[in-house]
Amino acid sequence: MINGQAGSTDTWRLNKRVMMVRVFSRIRTAALIVGCVAGLAGCAGSVAPEVKRLPERVELSGTFYRGQSFQSGPQVLASLLAQQGIVITPGLLEKPLHLPGAEAQLQQNMQNLAREYGMVVYPLDSHLPALLTQVAAGYPVMVRFTEGSAFWAEPRYAILAGYNRQKRTVLLRSGMNRRELMSFSSFESSFKDAGGWAVLIQKPEQIPANVDQSRWLKAANDLAQAGQEQAAARAKKALTSQ
């Protein structure tokens, strides 16, 4: 009897343990399913309607000069000018950009210098769909973003050269990285932290996607004031000819 009672108790304990494992397994599976569904719903809702209408994935090619992070301004500007057919290197831009010493004026000085090379500097709205629309049209975007951590962060410049809508990532070229991937949310946060500044460096004949005519004409006038009257005239003609 004693042996029979022990065997019965052991069987009862084993059955109880099996039942508990099954219950916990079902609870865990249900939680995973709920989490996945919620995650998918959240991800689907995080993509703006304008972005959903764009191609799923874009990666632009072109010249890119690697360099240290603190050299990102001349490096990115030289890369974009080279993509427009101008023979240039980042080192050749440091003196006209008054570097080192004029870091506080770097953003404005880069725009002025791009105009001196006959390029139209076209500012973009500071939200992700506006930037990705230009990338989808084949135009790399010069952006400023914050790099670092909560304890240390500094603004950097980069080329926004691609995105993956399904994975919700952007592709940046900056510093030593030709293919730096960043999530939509992380990029938007660092982009806004740095002031939400983004521009196109365009030839006068390259009209941006969904161009704002008044903005383009102002950019053309800024080009004329930089001494590039003929290039400015071509920019205005290209707008009326499209």
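Residues numbered from 1 in each chain as written. Predicted model: local features only at pLDDT ≥ 70, side-chain atom pairs only at ≥ 80, totals over all residues. Heavy atoms only, no water.

A separate point is the confidence of the model for the chain. Of the residues in the chain, 81% have a pLDDT of 70 or more, and the chain-wide mean is 86. Scored below 50 in pLDDT, residues 27–45 makes 2 contacts in the model with residues more than four places away or belonging to other chains. (pLDDT = per-residue confidence, 0-100. Contact = heavy atoms within 4.5 Å.)

This brings us to the pattern of salt bridges. What the rule picks out here adds up to 9 salt bridges. Taking the shortest distance from any N to any O, the salt bridge between Asp222 and Lys218 comes out at 3.3 Å. Separated by 4 residues within a single helix, Asp222 and Lys218 lie in helix α8 (residues 213–225), roughly one turn from each other. Here the salt bridges do not stand alone but share partners, grouping Arg57, Glu59, Arg173 and Arg179 into one network. (Salt bridge = Lys/Arg side-chain N within 4 Å of Asp/Glu carboxyl O. Helix = DSSP H or I, 4+ residues; strand = E, 2+ residues; numbered from the N terminus.)

Our next topic: the packing of helix α3 (residues 72–83) against helix α5 (residues 106–116). Axes are the key here: two packed helices are described by the angle between their axes and the distance separating the axes. Taken N-terminus to C-terminus, the directions of α3 and α5 make an angle of 20°; their axes are 11 Å apart at the nearest point. Between α3 and α5, the angle is such that the two are roughly parallel. Our pair here, α3 against α5, has a crossing hand that is right-handed. Counted together, Gly73, Pro74 and Leu77 of α3 and Leu106, Met110, Leu113 and Ala114 of α5 form the full contact between these two elements. Its residues placed into classes, the contact of α3 with α5 shows 6 nonpolar, 1 polar and no charged. (Axes fitted to C-alpha atoms, helices over the stretch in contact; angles between N-to-C directions. Parallel < 35°, antiparallel > 145°, perpendicular 65-115°, else oblique. Left-handed = near helix turned anticlockwise from the far one by under 90°. Nonpolar A, V, L, I, M, F, W, Y, C, P; charged D, E, K, R; others polar.)

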